[in-house]
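Structural overview for review
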Amino acid sequence: MFFYKSSPIELTREEKNLAEHIIDTPAEVTGYIFACTNKTEKECFDRMLFSTNKVYSEKMLQVKKNDILFLLNLQSNVLYGPFTAESSGKKDIIPEAWGGKYPYQVKVSTDGKTAESISRTSGKILKRLGIDWREPFNKELANVLVEFMKYEQNHIDDPLNLQIIFPKKAKNLQKAVSDKPVIESTTLWDYPRQSYGKTPKGNNHYRGVTPAFILYNMIKRYTNINDLVIDPMAGSGTTLDVCREENRKCIGYDIVPVRSDIIQNDARHIPLDDSSVDMVFIDPPYSNNIDYNSHPGNIGKISAESDEFYNELEKVMQECHRILKQGKVLGWLIGDQWIKKKFTPVGFLIYQRLCKYFETVDIICVTRRNQTSNTGMWHNRAVRFNFYLRGFKYLFLMRK
Ligand SMILES: C[S@@+](CC[C@H](N)C(=O)[O-])C[C@H]1O[C@@H](n2cnc3c(N)ncnc32)[C@H](O)[C@@H]1O
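Model, not experiment: these values are computed from the prediction.

Calculation rules
Residues numbered from 1 in each chain as written. Predicted model: local features only at pLDDT ≥ 70, side-chain atom pairs only at ≥ 80, totals over all residues. Helix = DSSP H or I, 4+ residues; strand = E, 2+ residues; numbered from the N terminus. Buried ≥ 20, exposed ≤ 12 C-beta atoms within 10 Å, placed from the backbone. Contact = placed C-beta atoms within 7 Å. Near = placed C-beta within 6 Å. Nonpolar A, V, L, I, M, F, W, Y, C, P; charged D, E, K, R; others polar. Pairing = 2+ DSSP bridges. Right-handed = clockwise from strand over helix to strand, strands pointing away. Axes fitted to C-alpha atoms, helices over the stretch in contact; angles between N-to-C directions. Parallel < 35°, antiparallel > 145°, perpendicular 65-115°, else oblique. Left-handed = near helix turned anticlockwise from the far one by under 90°. pLDDT = per-residue confidence, 0-100.

**Topic: the overall build of the chain**
The helix and strand inventory of the chain stands at twelve helices and 18 strands. Going through the 400 residues of the chain one by one, you find that 36% of them count as buried. A fraction of 68% describes how many contacts in the chain between residues 6 or more apart in sequence connect residues 24 or more apart.

**Digging into the site of the ligand**
The ligand sits among 27 residues. The nearest are Gly208, Met233, Gly235, Ser236 and Thr238. For the shell around the ligand, a count of residues per class yields 13 nonpolar, ten polar and four charged.

**Observations concerning the pairing of strand β14 (residues 324-334)**
Alignment of strand β13 (residues 277-282) against β14, held across five bridges, turns out to be parallel. Its bridge partner lying in β14, Val280 is registered against Leu330. Crossover connection from β13 via helix α10 (residues 307-323) to parallel β14: handedness right-handed. Direction of pairing for β14 relative to strand β18 (residues 392-399): antiparallel, over a ladder of six bridges. Looking at the pairing, Leu330 lines up with Met398 of β18.

**Description of the packing of α10 against helix α11 (residues 346-354)**
The geometry of α10 relative to α11 is characterised by a closest axis approach of 10 Å and an angle of 45 degrees between their N-to-C directions. In terms of orientation, α10 and α11 fall into the oblique class. Here α10 runs over α11; the crossing is right-handed. Judged by residue contacts, Tyr310, Leu313, Glu314 and Met317 of α10 engage Leu349, Ile350, Arg353 and Leu354 from α11. In the contact of α10 with α11, the residues fall into six nonpolar, no polar and two charged.

**Some remarks on the sheet that holds strand β10 (residues 228-231)**
Sheets are built from strands that pair by backbone hydrogen bonding, the pairs being arranged parallel or antiparallel. Read across the open sheet, the eight strands follow the order β9-β17-β18-β14-β13-β10-β11-β12; overall the sheet is mixed. The open sheet has two edge strands with one neighbour each: β9 (188-189) and β12 (262-264). Relative to β18, strand β17 (residues 359-367) runs antiparallel, the two being bridged by eight bridges. Residue Ile363 lies in a different strand from β18, and its bridge partner there is Phe396. On the sheet, helix α8 (residues 212-222) packs against β9, β10, β13, β14, β17 and β18 and is oriented at approximately 160 degrees with respect to β13. This element, α11, spans β14 and β18 of the sheet and lies at about 165 degrees to β14.

**Notes on the environment of Leu395**
Here Leu395 shows up in strand β18. Once you skip the residues sitting within four places of it in the chain, Leu395 turns out to touch Ile214, Gly331, Leu333, Ile364 and Val366.

**Re the confidence of the model for the chain**
Looking at the chain as a whole, the pLDDT averages 85, with 83% of positions reaching at least 70. Counted against residues more than four places away or in other chains, residues 1-11, with its pLDDT under 50, gives 13 contacts. Note on residues 14-27: pLDDT under 50 across the span, and 18 contacts to partners over four residues away in sequence or across chains.

Okay, structure coming up:
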């Protein structure tokens, strides 16, 4: 094992931004778990450096000197720790480490006693403690984990008795620290609520409001701090609120704005330059099933059973394509229709049109929970009269 001397590092624009953002938060010690694989583990120890790529960059940039860190090998399920952060999290402390693949880094040290701890069962232990390795946790929970690791080393042959080792209150302590959604790893996204965190995102009384978790996931995957995000049909402003909290710039338009920070505009003509935007998200009307407003330009007045509906939304697609920078992503949320005994595959029909302009990144299935037909009466009717309630929406992830 050897140590690198840290040299003074110029903060990047995004780091400065984040630093300003976290200045108000109390500087108390926080626990973080960073991940490695069999391939990357040795370099973590050789360099005494933990690292991550863009998706978890913000977590890394929040790390402060003296925070308590752990290293989880996701392949072997071994958890190492505790380590102490010797620097704050920064970009490119050692640019050549891991061939430049994981540029967000933190220097760590150990008191020398750190060893393999929760061998092979760390996944289970973390779960029972209510720790999601992707999220930060507070000092109390970090200490509980350290205590457990010490116990494990001294009682290798004893069966685990978590009830004795851990105070019950330790469970779910993490929830009190972090109120951010998880970054999804599959194509099935299922959210019990519309929003998360201490401040509302959008208005969950607005009919057709988008689950804020979708925006959080898209922003984390496809944008960087300070990037520009556009929502051409912003409704109650969910995209604006999530972007603001995550330090992204955002412009929201709607044919009838319901908030002063949303600009009145028809999505078929977006007043922005070609190739000027880093991400577009749109949750348009799915047909004429919701009465958003009486504006003549409201596409939600046109039935999804008519070609006109798709023709008008195709104009919106063309605008989204025009304003997006090359290689950047559009998220298009849409659901099918079953009305008066007639099924319309709105999702497939929209997807066909999107494919004329974009290439597909992936298709996500978003569970529908928060809808007016999600009642006992409607579920009963669906079975009695042999039809199905809409259970999901499509989120088409498309790249220019
Ligand atoms: C499903 S809602 C959007 C919900 C929004 N994402 C939220 O979280 O509140 C669809 C929105 O599209 C708007 N809309 C309909 N036609 C439009 C058009 N031609 N241009 C811009 N907005 C339009 C409606 O006014 C409505 O607010």
